[in-house]
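# Structure assessment
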Amino acid sequence: MAKKVYCLYRVSTKGQVEKDDIPMQKQRCREFAAEKGWNIVREFAEKGVSGFKVSAKDRDAIQEIQRDAAQQKFDILLVFMFDRLGRKEDETPFVVEWFVQNGIEVWSAEEGQQRFDNHVDKLMNYIRYWQASGESLKTSVRTKTRLAQIVQEGRFRGGSAPFGYKLVKHGRVGKKNRELYDIEVEPTEAVVVQKIFDLADRFGYGGRRISSELIANGIKNERTGEHFHYSSIQNILRNIMYVGILRSGESRSEIIPELQIVTQEQYDRVAKCRAQRSADYERKCAARWESEVTLVDGVQATVNRPPRMCPKKNVGRALLSGNVYCGHCGGRIFASTACRGHDPNDRVSIYKCYNRTQHKTLCDGPTTYRAEKVDKVVETLLRNIFERARAINESELVQQQVQESAVQCRQKLRKVQAEHGKAVRELAKWENLMLDSIEGTCVFTPEQIKRRMDTVQETVDELAEQVELLRERAIETDAMAKEIRESHQRLLSWADMFDTASVEEKKMVASYLIKAVTLTRDYAIQVEFNVSEAQYLGGMEMG
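The present account deals with the structure reproduced in this document. All values derive from a computational prediction rather than experimental measurement.

This paragraph deals with the layout of surface pockets. Here the second largest pocket defines a volume of roughly 800 Å³. As for the second largest pocket, its lining consists of 30 residues, and the residues nearest its centre are Asp201, Arg269, Arg490, Trp494 and Tyr512. Breaking the lining of the second largest pocket down by element, the ones donating at least two residues are helix H6 (187-202), helix H9 (264-277), helix H14 (446-497), helix H15 (503-513) and helix H16 (531-535). The element best represented in the lining of the second largest pocket is H14, accounting for 9 residues. Of the residues belonging to the lining of the second largest pocket, the class tally is 11 nonpolar, 6 polar and 13 charged.

Here's what the structure looks like:
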């Protein structure tokens, strides 16, 4: 009676499927079974399953074959090559041994039968999959390295085009003489991407709110004909490719202007806002941002106040969120609403002390503050900042903050460069004297010259380090001047739109400029501004 055979075919990538690898395996196994006079009763094909990354317990085909083996439904398990069973050195050898121990012969059409008659058989079984695992590792390393090189060269690494881009052919040919795809901006989709980033940057909207705004404006994903799901929007907001940077793993290309849809600055602002809004942001910052504050009664309290450049929440009409604190206990104050009278629909915005609300023994201050009163004071302070920003000459501002240190840095750099050149020339002189000393035509001995050369070499190295540091400082000075100009322009743009801005826009501006607002009894308000924005205006009083 002919032996009953189960065949297993596997390919790990889509490319292998398209190259007809499984039909090739199937044909060879059928020919081999016919030569042996065996009867193939079932065939299993795994398409796109990695034998290195996917465990046998997660492969449906292997699990079903094992169940049938336990019931003795077949006699032989046949594969094209043994690595079709897997490439995991710490698992696959034992899977093969399990089949043999359960009375199933394991055969390869190319490599013969795997037996376990002695220790040598067991060792060879392990070595085979150890080698297969090593080959998978080396293939993985080669692939990752090459993909990294491709993106670092500023070329598309392959795959589908993210929303906002399209694949095009420009005659670039690969190693296999096939025309390769390049990637370009798709103008219509790029407009939608820009709108998504603008909504996140200008209003602080998250994925769900942006999705609602796009639906309200009748904007759909033209690729699918459906509305944008919030998870798709989250993926867009976190994809650095929209800055014009190609990515492969940890490797990045330089910014490619032709692929840039949003600026690096806007992308960074959105990323920072998303991070600061995350549920575990305060927990992550718990140890790093502990600080001492003086309460209204003079007592020192340790508080955790992580920095925020965007509101914790942008819903509601209260101006502040995540940056307002109680001066009586040091705890957090949050925005809420309360009924104005007996009508439950007639509500006003308020600020409530968390400790006073939830743990009355921790705070002896007021429970609530009318948001309207607090916000009016804060808005007045913000308008004062905008007025002062308008009155400042940008060139004078840059000169005042940067020019003096920049001039000093350049003067020192020229001086150190001159000293470095002098030391290099002296070192060359002593090197020439060393040759004369060796030939006996110099009054100095080689040892004396060597000691002097070592001293001069140390001087050259030290001066070279100073030159590099001063060059870096000069670059930093230029960056500082750029940052000051950008900060000034940002304030001017906010000044122009603040009075007519939406609540969400005002909340974003207030969070960016204000580090902390402390409230105490009788509406005493203390405002602490973010240093980067306050100091550049000449250290003006913010009191």
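We are not done yet, so read on.
It is worth spelling out the sheet that holds strand E1 (residues 4-11) at this point. Paired through backbone hydrogen bonds, the strands of a sheet run either parallel or antiparallel to each other. Spatially, 5 strands are ordered E2-E1-E3-E4-E5 in an open sheet, and the strand pairing comes out mixed. The outermost strands of the open sheet, each flanked by one partner alone, are strand E2 (39-47) and strand E5 (112-114). Across the sheet, the axes of successive neighbouring strands diverge by a mean angle of 25°, strand direction being ignored. Against the sheet, helix H3 (residues 60-70) makes contact with E1, E2 and strand E3 (76-79), and its axis sits at roughly 155° relative to E2, the strand it touches most.

Once that is clear, we can look at the environment of Glu105. Position of Glu105 among the secondary structure elements: in strand E4 (residues 105-108). When the C-alpha atoms of Glu105 and Ile76 are compared, they prove to be 4.7 Å apart, with 29 residues separating the residues in sequence. Excluding residues within four positions of it along the chain, Glu105 makes contact with Lys3, Asp75, Ile76, Leu77 and Gln113. A polar atom in the side chain of Glu105 sits 2.9 Å from the side chain of Trp107.

It is worth spelling out unusual backbone geometry at this point. Phi is positive for Gln72, close to 55°, though the residue is something other than glycine. Structurally, Gln72 is set in the loop between H3 and E3. At Asp522, a residue that is not glycine, the phi angle is positive and equals roughly 65°. Note on placement: Asp522 falls in the loop between strand E16 (514-520) and strand E17 (524-529). Here Asp522 falls in the exposed class, since its relative accessible area comes to 71%.

Bringing helix H8 (residues 230-238) into the picture now. Ile233, Ile236 and Leu237 are the residues of H8 that are buried. One side of H8 carries all its buried residues, which in axial view fall inside an arc of 95°. Contacts from the buried residues of H8 go to H6, helix H7 (207-216) and H9.

Definitions and cut-offs
- Residues numbered from 1 in each chain as written.
- Predicted model: local features only at pLDDT ≥ 70, side-chain atom pairs only at ≥ 80, totals over all residues.
- Heavy atoms only, no water.
- 1 Å grid on protein atoms, 1.4 Å probe; cavity = no way out; pocket = protein on both sides within 12 Å on 5 of 7 lines; lining within 4 Å.
- Points joined across faces, edges and corners; volume = space filled by probe spheres on them.
- Helix = DSSP H or I, 4+ residues; strand = E, 2+ residues; numbered from the N terminus.
- Nonpolar A, V, L, I, M, F, W, Y, C, P; charged D, E, K, R; others polar.
- Pairing = 2+ DSSP bridges.
- Axes fitted to C-alpha atoms, helices over the stretch in contact; angles between N-to-C directions.
- Contact = heavy atoms within 4.5 Å.
- Polar contact = N/O pair within 3.5 Å; in protein donor to acceptor, adjacent residues only side chain to side chain.
- Buried < 20%, exposed > 50% of the residue type's maximum accessible area, 1.4 Å probe, protein only.
- Arc of directions from axis to C-beta.

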